[in-house]
Amino acid sequence: MTYYSMITKWLSNKAAEPLACFLAFFIIFVWGILGFSLHFNETWQLIINTLAAIISIVMLFIIQNSQNRHTIAIQLKLDEIIRATKGAHNEMMDIEKLPDEDLEKVQKKYGLLAEKTKEDLKKGKHDTHTPDIGNIITERAKD
């Protein structure tokens, strides 16, 4: 694990703790009290504005890193469910890496599958089968 990953993971975990919220309120409280001694001048305002900007920028990167890690973990879990499920379409694993045009084609196939399933349900058929999504467009063309 790289140092960046270790640091961002640690910071992400610490930022989610109640102590972080308390610390933020404490800093604001101290800043407010210091306003009296600094006569609420520009330096007093500059301190909190600079601190807020720095913390916001750093937290932006930490949150993005954390979300990326969670997204990858969820994708891997979904891939494992697809792989382990009998009748599941293994072509769906790693689908998030497809170009937008290919994703739209797959989305269209599943949309057509949903339409066909609704029609089958109206006819009294079951919707628990696992049709091949490759044949859905050809079946629709025949209807």
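Here the residue numbers are simple positions, counted from 1 along each chain's written sequence. With pLDDT at 70 or above as the cut-off, local features in this predicted model cover only qualifying residues; side-chain atom pairs require 80 or more to be listed or tallied, and sums for whole chains, interfaces and linings still use all residues. Hydrogens and waters are ignored; side-chain quantities use all the structure's heavy atoms.

### Some points on the confidence of the model for the chain
Definition in use: Per-residue confidence from the predictor is given as pLDDT, running between 0 and 100. We call two residues in contact whenever any of their non-hydrogen atoms come within 4.5 Å of each other.
Averaged over all residues, the pLDDT of the chain equals 85, while 88% of them reach at least 70. In the model, residues 136-143 has pLDDT below 50 throughout and makes 10 contacts with residues more than four positions away in sequence or in other chains.

### Notes on the packing of aromatic side chains
For the record, the criterion: The aromatic pairing rule takes the rings of Phe, Tyr and Trp, using the six-membered ring of Trp, and pairs them if the centres are within 6.5 Å, calling planes under 30 degrees apart stacked, those over 60 edge-to-face and the rest tilted. Burial here depends on accessible area, computed with a 1.4 Å probe over protein chains only, as a share of the maximum for the residue type. Under 20% is buried, over 50% is exposed, and the range in between is partly exposed.
As enumerated under the stated definition, the model contains four aromatic pairs in all. Both rings, one in F36 and one in F40, keep their centres 5.1 Å apart while their planes meet at 75°; by these two values the pair is edge-to-face. Residue classification places F36 among the exposed residues on the basis of a relative accessible area of 58%. Using a relative accessible area of 40% as the deciding quantity, one classes F40 as partly exposed. Pairing F40 with W44 gives two aromatic rings, centres 4.9 Å apart and planes at 85°, and the pair type is edge-to-face. Classification of W44 by relative accessible area gives buried; the value is 10%.

### Side note on the packing of helix α1 (residues 3-15) against helix α3 (residues 42-84)
Selection criterion: Interaxial angles span 0 to 180 degrees and are taken between N-to-C directions of axes, which are lines fitted to C-alpha atoms, for helices over the stretch in contact. A run of H or I in DSSP counts as a helix once it spans at least four residues, and a run of E counts as a strand once it spans at least two, with each numbered from the N terminus. Throughout this description, any angle smaller than 35 degrees is read as roughly parallel, any larger than 145 degrees as roughly antiparallel, any in the 65 to 115 degree range as roughly perpendicular, and the remainder as oblique. Residue classes follow a fixed rule: Ala, Val, Leu, Ile, Met, Phe, Trp, Tyr, Cys and Pro count as nonpolar, while Asp, Glu, Lys and Arg count as charged, and any other residue, Gly among them, counts as polar.
With their axes 9 Å apart at the nearest point, α1 and α3 run at an angle of 100° to one another. As far as their axial angle goes, α3 and α1 are roughly perpendicular. When α1 is examined against α3, the residues Y4, T8, K9, L11, S12 and A15 are found in contact with a partner set consisting of M59, F61, I62, N65, S66 and R69. Tallied by class, the residues present in the contact of α1 with α3 amount to six nonpolar, four polar and two charged.

### Describing the side chain of S12
Condition: Here a polar contact is taken to be a pair of N or O atoms separated by no more than 3.5 Å, where protein atoms must pair a possible hydrogen donor with a possible acceptor and residues adjacent in sequence count only if both atoms sit in side chains.
Residue position: S12 is located in helix α1. Engagement of the side chain of S12 in a polar contact is seen with the side chain of S66, the distance being 3.5 Å. Excluding residues that lie within four positions of it along the chain, S12 makes contacts with I62, S66 and R69.

### A look at the layout of surface pockets
For clarity, the cut-off: Any residue with an atom within 4 Å of a point lines the site, the site being either a cavity, points on a 1 Å grid over the protein atoms alone where a 1.4 Å probe fits but cannot get out, or a pocket, an open set with protein on both sides within 12 Å along at least 5 of 7 lines. Grid points are joined across faces, edges and corners, and a volume is the space filled by probe spheres set on the points.
Approximately 460 Å³ is the volume found for the largest pocket. Residue lining of the largest pocket: 16 residues in total, with A20, L23, A24, I55 and M59 positioned closest to the centre. The set of elements that each furnish at least two residues to the lining of the largest pocket consists of α1, α2 (18-37) and α3. The element contributing the most residues to the lining of the largest pocket is α3, with seven residues.

### Notes on the packing of α2 against α3
For clarity, the cut-off: Whether a crossing is left-handed or right-handed is set by the direction in which the near helix is turned from the far one by less than a right angle, anticlockwise for left-handed and clockwise for right-handed.
Two elements in contact, α2 and α3, have axes whose closest approach is 10 Å; the angle formed by their N-to-C orientations is 165°. Classed by the angle they form, the pair α2 and α3 counts as roughly antiparallel. Taken as a pair, α2 and α3 cross one another with a handedness that is right-handed. Together, I27, W31, G32, L34 and G35 of α2 and W44, I47, I48 and L51 of α3 make up the contact between the two elements. A per-class count over the contact of α2 with α3 returns seven nonpolar, two polar and no charged.

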